[in-house]
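Architecture at a glance
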Amino acid sequence: MLVQLELISLVLKQEILTTALASIIILPILKNIEAKERENQLNQLIDNLQQDLNFTGEKLREIAAKAEEKLYSR
């Protein structure tokens, strides 16, 4: 009976150690994946904002060109 308890204790310790080691290895990898995903989302947001600003800038240039044309055509 004592031998069985020692064996169960040893197996339990091995399982705890294995879980701890796996956590030490896997957690940084998961955090890195999450950080990369956030970075990708942020980069996509920045790209979308730049596209919107470029579009708005083009429209403003068109408006300014038309206004200048009307101003000098008088």
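Our subject in this report is the structure included herewith. (Residues numbered from 1 in each chain as written. Predicted model: local features only at pLDDT ≥ 70, side-chain atom pairs only at ≥ 80, totals over all residues. Heavy atoms only, no water.)

1. Quick notes on the overall build of the protein
Assigned secondary structure in the protein consists of 1 helix and 0 strands. Computed over its C-alpha atoms, the radius of gyration of the protein comes to 32 Å, more than 25% above the 11 Å expected for a compact globule of 74 residues. In the protein, which comprises 74 residues, the share counted as buried stands at 1%. A total accessible area of about 7300 Å² is found for the protein, and carbon and sulfur atoms account for 64% of it. When the 9 basic and 11 acidic side-chain charges of the protein are each reduced to a single mean position, those positions are 8 Å apart. (Helix = DSSP H or I, 4+ residues; strand = E, 2+ residues; numbered from the N terminus. Rg over C-alpha atoms; globule rule 2.2 N^0.38 Å. Buried < 20%, exposed > 50% of the residue type's maximum accessible area, 1.4 Å probe, protein only. Areas by Shrake-Rupley, 256 points an atom, 1.4 Å probe, with all protein chains shown as cover. Lys, Arg positive; Asp, Glu negative; His and termini not counted. Charge placed at Lys NZ, Arg CZ, Asp CG, Glu CD.)

2. As for a nonpolar patch on the surface
On the surface, a cluster of nonpolar side chains totalling about 880 Å² of accessible area is made up of Leu17, Leu21, Ile24, Ile25, Ile26, Leu27, Ile29, Leu30 and Ile33. When you line up the elements, Ile24 lands in helix α1 (residues 2-72). Classification of Ile24 as exposed rests on a relative accessible area of 60%. (Patch = residues over 30% accessible without salt bridge, like charges linked within 9 Å, V, L, I, M, F, W, Y side chains within 5 Å. Salt bridge = Lys/Arg side-chain N within 4 Å of Asp/Glu carboxyl O.)

3. Regarding the pattern of salt bridges
In total, this model carries 1 salt bridge according to the counting rule given. Lys59 is paired through a salt bridge with Glu62; the nearest N and O atoms lie 3.7 Å apart. With Lys59 and Glu62 both in helix α1 and 3 residues apart, this pair spans about one turn of that helix.

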